[in-house]
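Reading the structure
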Amino acid sequence: MDEVPSGTRELLLFRHAKSAWDDPSAADHDRALAPRGIKAAKRLGRELVARGLVPDLVLCSTARRARRTLELALRAFEPAPPVHELRSLYLTPPSRLLDVVRRQPGSVRRLLLVGHDPGMHALAQRLAGSGPPDALSSLAAKFPTGACARLGFVAGAWADVTVGSGRLLDFIRPRDLD
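Here is what the cut-offs are and how they apply
Residues numbered from 1 in each chain as written. Predicted model: local features only at pLDDT ≥ 70, side-chain atom pairs only at ≥ 80, totals over all residues. Heavy atoms only, no water. Pairing = 2+ DSSP bridges. Helix = DSSP H or I, 4+ residues; strand = E, 2+ residues; numbered from the N terminus. Axes fitted to C-alpha atoms, helices over the stretch in contact; angles between N-to-C directions. Contact = heavy atoms within 4.5 Å. Buried < 20%, exposed > 50% of the residue type's maximum accessible area, 1.4 Å probe, protein only. Arc of directions from axis to C-beta. Phe/Tyr/Trp six-rings, centres within 6.5 Å; stacked < 30°, edge-to-face > 60°. Core = buried A, V, L, I, M, F, W, Y, C linked by side-chain atoms within 4.5 Å. Patch = residues over 30% accessible without salt bridge, like charges linked within 9 Å, V, L, I, M, F, W, Y side chains within 5 Å. Areas by Shrake-Rupley, 256 points an atom, 1.4 Å probe, with all protein chains shown as cover. Salt bridge = Lys/Arg side-chain N within 4 Å of Asp/Glu carboxyl O. Lys, Arg positive; Asp, Glu negative; His and termini not counted. Charge placed at Lys NZ, Arg CZ, Asp CG, Glu CD.

Some thoughts on the sheet that holds strand 7 (residues 166–172)
Sheet architecture is open: seven strands sit in the order 3-2-4-1-6-7-5, paired in mixed fashion. Looking at which strands have only one partner, the edges of the open sheet turn out to be strand 3 (83–86) and strand 5 (128–130). Across the sheet, the axes of successive neighbouring strands diverge by a mean angle of 30 degrees, strand direction being ignored. Packing against the sheet, helix 2 (residues 64–74) makes contact with strand 1 (8–15), strand 2 (57–61), strand 3 and strand 4 (110–115), and its axis sits at approximately 145 degrees to strand 2.

And the structure:
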């Protein structure tokens, strides 16, 4: 695993992959992935491993599309990191997502959240106080399905992560992996 330097934290915000809308009777929480989403989730998992971005812990929304996105992405990881599914990540506002992040133990240096918009996009924008201009511009424009924002923090504990304190290190979009 690519070690996160002491005194720093990394947060990976992974928006679920493209979901299917072909079953109008399915509740939002129960929507499946579209074929394009399946492909993107697998690709992003391989890309995270190739970049050495193996998380110490994964927190995933209980929505079917988020769980399936993670399941497909984790196929690239050996061994897979520990995963906790949290209903509280389903369609959650950024302030509550940040509360979840701040409650994580100090032993977790790299944390992966798998969730939904608009909360994931808003959280990434609020946390990213700096970063490469082109990546910040791409993030500001849109957080597409299947994308992952990687943010770094100089923080002794997750509780120290504050709005604007992060640096956008990467913004990986499915179209960048084609």
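Read on for the rest.
Remarks on helix 3 (residues 94–102)
In an α-helix, one full turn covers 3.6 residues, which means residues spaced three or four apart are oriented alike. All of the buried residues in helix 3 are Pro94, Leu97, Leu98, Val100 and Val101. Angular distribution of buried residues about the axis of helix 3 spans 155 degrees; they occupy a single face of the element. Residues of helix 3 that are buried sit in contact with strand 1, strand 2, strand 3, strand 4 and helix 4 (119–127).

Things to note about the packing of aromatic side chains
Summed over the entire model, instances satisfying the criterion amount to one aromatic pair. With 5.3 Å between their ring centres and 75 degrees between their planes, Phe143 and Phe171 make a pair best called edge-to-face. Separated by 28 residues along the polypeptide, Phe143 in the loop between helix 5 (133–141) and strand 6 (148–154) and Phe171 in strand 7 bring together distant segments of the chain. Phe143 gets classed as buried once you look at its relative accessible area, which sits at 1%.

Quick word on the nonpolar core
In this structure, Leu11, Leu13, Leu111, Leu113, Leu127, Phe143 and Leu168 are the most contacted members of the largest nonpolar core, which totals 29 residues. Listing elements by their share of this core, those giving two or more residues are strand 1, strand 2, helix 3, strand 4, helix 4, helix 5, strand 6 and strand 7. The contact partners of Leu168, leaving out residues within four places of it in the chain, are Ala128, Ser130, Gly131, Pro132, Ala135, Leu136, Leu139, Ala149, Arg150 and Leu151. If you look at the next biggest cluster of nonpolar residues, it comprises 18 residues, including Leu44, Leu48, Leu53 and Leu70.

With respect to unusual backbone geometry
Glycine aside, residues mostly have negative phi, and peptide bonds are mostly found in the trans state. Cis peptide bonds are those with omega within 30 degrees of zero, and the linkage from Glu78 to Pro79 qualifies with -5 degrees. Residue Pro118 is reached from Asp117 by a cis peptide bond, and omega for that bond is 10 degrees. If you check the backbone angles, Leu91 has positive phi at about 50 degrees while not being a glycine. Within the element layout of this structure, Leu91 appears in the loop between strand 3 and helix 3. Owing to a relative accessible area of 43%, Leu91 belongs among the partly exposed residues under this scheme.

Digging into a positive patch on the surface
There is a patch of like positive charges on the surface, built from Lys18, Arg36, Lys142 and Arg175. Examined against the element boundaries, Arg36 turns out to sit in helix 1 (residues 35–50). The exposed category is assigned to Arg36, whose relative accessible area is 57%.

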